[in-house]
Amino acid sequence: EPIEQDIIFGRNSVKEAIKSGRPINKLFMLKGSKDGSIGEIIQLAKNSRLVIIEVNKSKLDEMCMPFGHSGQTGNHQGVAAALSPHEYVEVSDILNEARAKGEAPFVVVLDGVTDTNNLGSIIRSAEAMGVHGIVIGKRRSAPVNAAVDKASSGALSHMMIARVPNITAALKEMKDAGVWILGTVQGETTLSQTNMKGPLAIVVGSEEDGISRLVRETCDYLAAIPMKGKTESLNAAVAASIAIYEKCEQERA
């Protein structure tokens, strides 16, 4: 039985994984590379007593090929790591993490976001702006893999992610814990006209279909990102980032 493991690659992703203490099985380095941030990664790896294996470029290219596109390999920048698969948490773990920090829970729920770049970008914005955790569905969702990690610039290592069989049930669990549920949709009422202060989960749907009907019906309120241009909708990652930022602005006001 092969040991199930994830490959992550790129200097930022690998550096953040080591710093966050994620269980790394092996570190693969391009033979002879010592420059700049590679030197820093080698030092971190030695401090953490990680196994470092020097390989040639073709080996790294082969490892990262599944995460590239158009026949090109993933951009590994001379470093990759094999680690245990991403450990998902429960919704209750995210709520407990917020309580432990003495903060009102702030959660982002993704209903049908299937693009790994979008998921990675959302994780990056969420981590930067103090979101406690992200909830994704087991179905109709991008997997949390190396491409997501790379798109998140290593923020994945610092973000709690709950992967749930049923988004509606997860929303109800949060409601029972006193968290308000805000669905982002197209419509009249805008985010800035909506009170986003306090315990909140922001639901973002897919670009094609938006939020599914059952999830929409479970939301406490719905609000839109006001748009003046000709395009009908925003990229899911951009929409999520704007909604997260609006919540942070309201808390500061």
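Description of the structure in this document.

As for empty space enclosed by the protein
Next, step 1: Throughout the structure, instances matching the rule amount to one cavity of 30 Å³ or more.
Next, step 2: If you go around the largest cavity, the residues you meet are Asp6, Ile8, Arg22, His86, Val144, Asn145, Ala146, Asp149 and Leu156.
Next, step 3: At the level of elements, strand S1 (6–9) and helix H6 (146–151) are the ones that each hand at least two residues to the lining of the largest cavity.
Next, step 4: Looking at side-chain class alone, the lining of the largest cavity contains four nonpolar, two polar and three charged residues.

Details of the environment of Val135
Next, step 1: If you trace the backbone, Val135 turns up in strand S6 (residues 133–137).
Next, step 2: Counting along the chain gives 119 residues from Val135 to Glu16, while the straight-line C-alpha distance between them is 21 Å.
Next, step 3: In contact with Val135, other than residues within four places in its own chain, are Val91, Ile94, Val107, Val108, Val109, Leu110, Ala162, Val164, Ile167, Ala170 and Met174.

Let's talk about the nonpolar core
Next, step 1: Formed by 33 residues in total, the largest nonpolar core has its most connected members in Leu110, Leu119, Ile122, Ile123, Ile134, Ile161 and Ile202.
Next, step 2: Looking at this core, the elements that each hand over two or more residues are strand S5 (106–111), helix H5 (116–128), S6, strand S9 (200–205) and helix H9 (236–252).
Next, step 3: What Ile202 contacts, discounting residues up to four positions off in sequence, is Phe106, Val107, Val108, Val109, Leu182, Thr184, Met196, Ala243, Ile244 and Lys247.
Next, step 4: The next biggest cluster of nonpolar side chains, apart from the first, holds 22 residues, and it includes Ala170, Leu171, Ile211 and Cys219.

Description of a negative patch on the surface
Next, step 1: Taken together, the side chains of Glu90, Asp93, Glu173 and Asp176 present a region of like negative charge at the surface.
Next, step 2: Its place among the elements puts Glu173 in helix H7 (residues 167–176).
Next, step 3: Assessed through its relative accessible area of 35%, Glu173 is described here as partly exposed.

Re helix H2 (residues 36–47)
Since the α-helix packs 3.6 residues into each turn, any two residues three or four apart lie on the same face.
Next, step 1: Taking 1.5 Å as the rise per residue, H2 with 12 residues should run 16 Å; its terminal C-alpha atoms sit 17 Å apart, in good agreement.
Next, step 2: For H2, the complete set of buried residues consists of Ile38, Ile41, Ile42 and Ala45. Burial along H2 is one-sided: seen end-on, the buried residues are contained in an arc of 100 degrees. Turned more than 90 degrees away from the buried face of H2 sit Gly36 and Asn47, all of them exposed.
Next, step 3: On its buried face, H2 is in contact with helix H1 (11–20), strand S2 (24–30), strand S3 (52–55) and strand S4 (79–83).
Next, step 4: Phi turns positive one or two residues past the end of H2, at Arg49, with a value near 55 degrees.

Concerning the pattern of salt bridges
Next, step 1: All chains considered together, the criterion is met by 10 salt bridges.
Next, step 2: In this structure, the salt-bridge partner of Lys19 is Glu16, at a minimum N-O distance of 3.8 Å. Of this pair, Lys19 and Glu16 are both found in helix H1, three residues apart, which corresponds to roughly one turn of the helix.
Next, step 3: Its relative accessible area of 17% is what places Glu16 among the buried residues.
Next, step 4: One salt bridge in this structure joins Lys247 and Glu251, with 2.6 Å as the shortest N-O distance. Highlighted residues: Lys247 and Glu251, both in helix H9, separated by four residues, approximately one helical turn.

What to know about the sheet that holds strand S8 (residues 180–184)
Strand pairing in a sheet takes place through backbone hydrogen bonds and is either antiparallel or parallel in direction.
Next, step 1: The parallel open sheet is built from six strands, whose spatial order is S7-S6-S5-S9-S8-S10. Among the strands making up the open sheet, the edge pair consists of strand S7 (160–164) and strand S10 (221–223). For this sheet, the mean inter-axis angle between neighbouring strands, taken without regard to orientation, is 25 degrees.
Next, step 2: By the bridge criterion, four bridges tie S8 to S9 in an arrangement that is parallel. Counterpart to Ile181 in the pairing with S9 is Ala201.

Some remarks on the environment of Leu182
Next, step 1: Relative to the helices and strands, Leu182 is located in strand S8.
Next, step 2: Leu182 sits 18 residues away from Leu200 along the chain, and the two C-alpha atoms are 7.2 Å apart.

What to know about the sheet that holds S3
Next, step 1: The four strands are arranged S1-S4-S2-S3 in an open sheet whose pairing can be described as mixed. Both edges of this open sheet fall to S1 and S3, since each of them pairs with a single strand only. Sheet twist, expressed as the mean angle between neighbouring strand axes with direction ignored, is 25 degrees.
Next, step 2: With four bridges joining them, S1 and S4 adopt antiparallel strand pairing. Paired with Asp6 across the bridge in S4 is Leu83.
Next, step 3: Along the sheet, H2 contacts S2, S3 and S4; its crossing angle with S2, the most-contacted strand, is approximately 150 degrees.

Scoring rules and cut-offs
- Residues numbered from 1 in each chain as written.
- Predicted model: local features only at pLDDT ≥ 70, side-chain atom pairs only at ≥ 80, totals over all residues.
- Heavy atoms only, no water.
- 1 Å grid on protein atoms, 1.4 Å probe; cavity = no way out; pocket = protein on both sides within 12 Å on 5 of 7 lines; lining within 4 Å.
- Points joined across faces, edges and corners; volume = space filled by probe spheres on them.
- Helix = DSSP H or I, 4+ residues; strand = E, 2+ residues; numbered from the N terminus.
- Nonpolar A, V, L, I, M, F, W, Y, C, P; charged D, E, K, R; others polar.
- Contact = heavy atoms within 4.5 Å.
- Core = buried A, V, L, I, M, F, W, Y, C linked by side-chain atoms within 4.5 Å.
- Buried < 20%, exposed > 50% of the residue type's maximum accessible area, 1.4 Å probe, protein only.
- Patch = residues over 30% accessible without salt bridge, like charges linked within 9 Å, V, L, I, M, F, W, Y side chains within 5 Å.
- Areas by Shrake-Rupley, 256 points an atom, 1.4 Å probe, with all protein chains shown as cover.
- Salt bridge = Lys/Arg side-chain N within 4 Å of Asp/Glu carboxyl O.
- Lys, Arg positive; Asp, Glu negative; His and termini not counted.
- Charge placed at Lys NZ, Arg CZ, Asp CG, Glu CD.
- Expected span 1.5 Å × (residues − 1).
- Arc of directions from axis to C-beta.
- Pairing = 2+ DSSP bridges.
- Axes fitted to C-alpha atoms, helices over the stretch in contact; angles between N-to-C directions.

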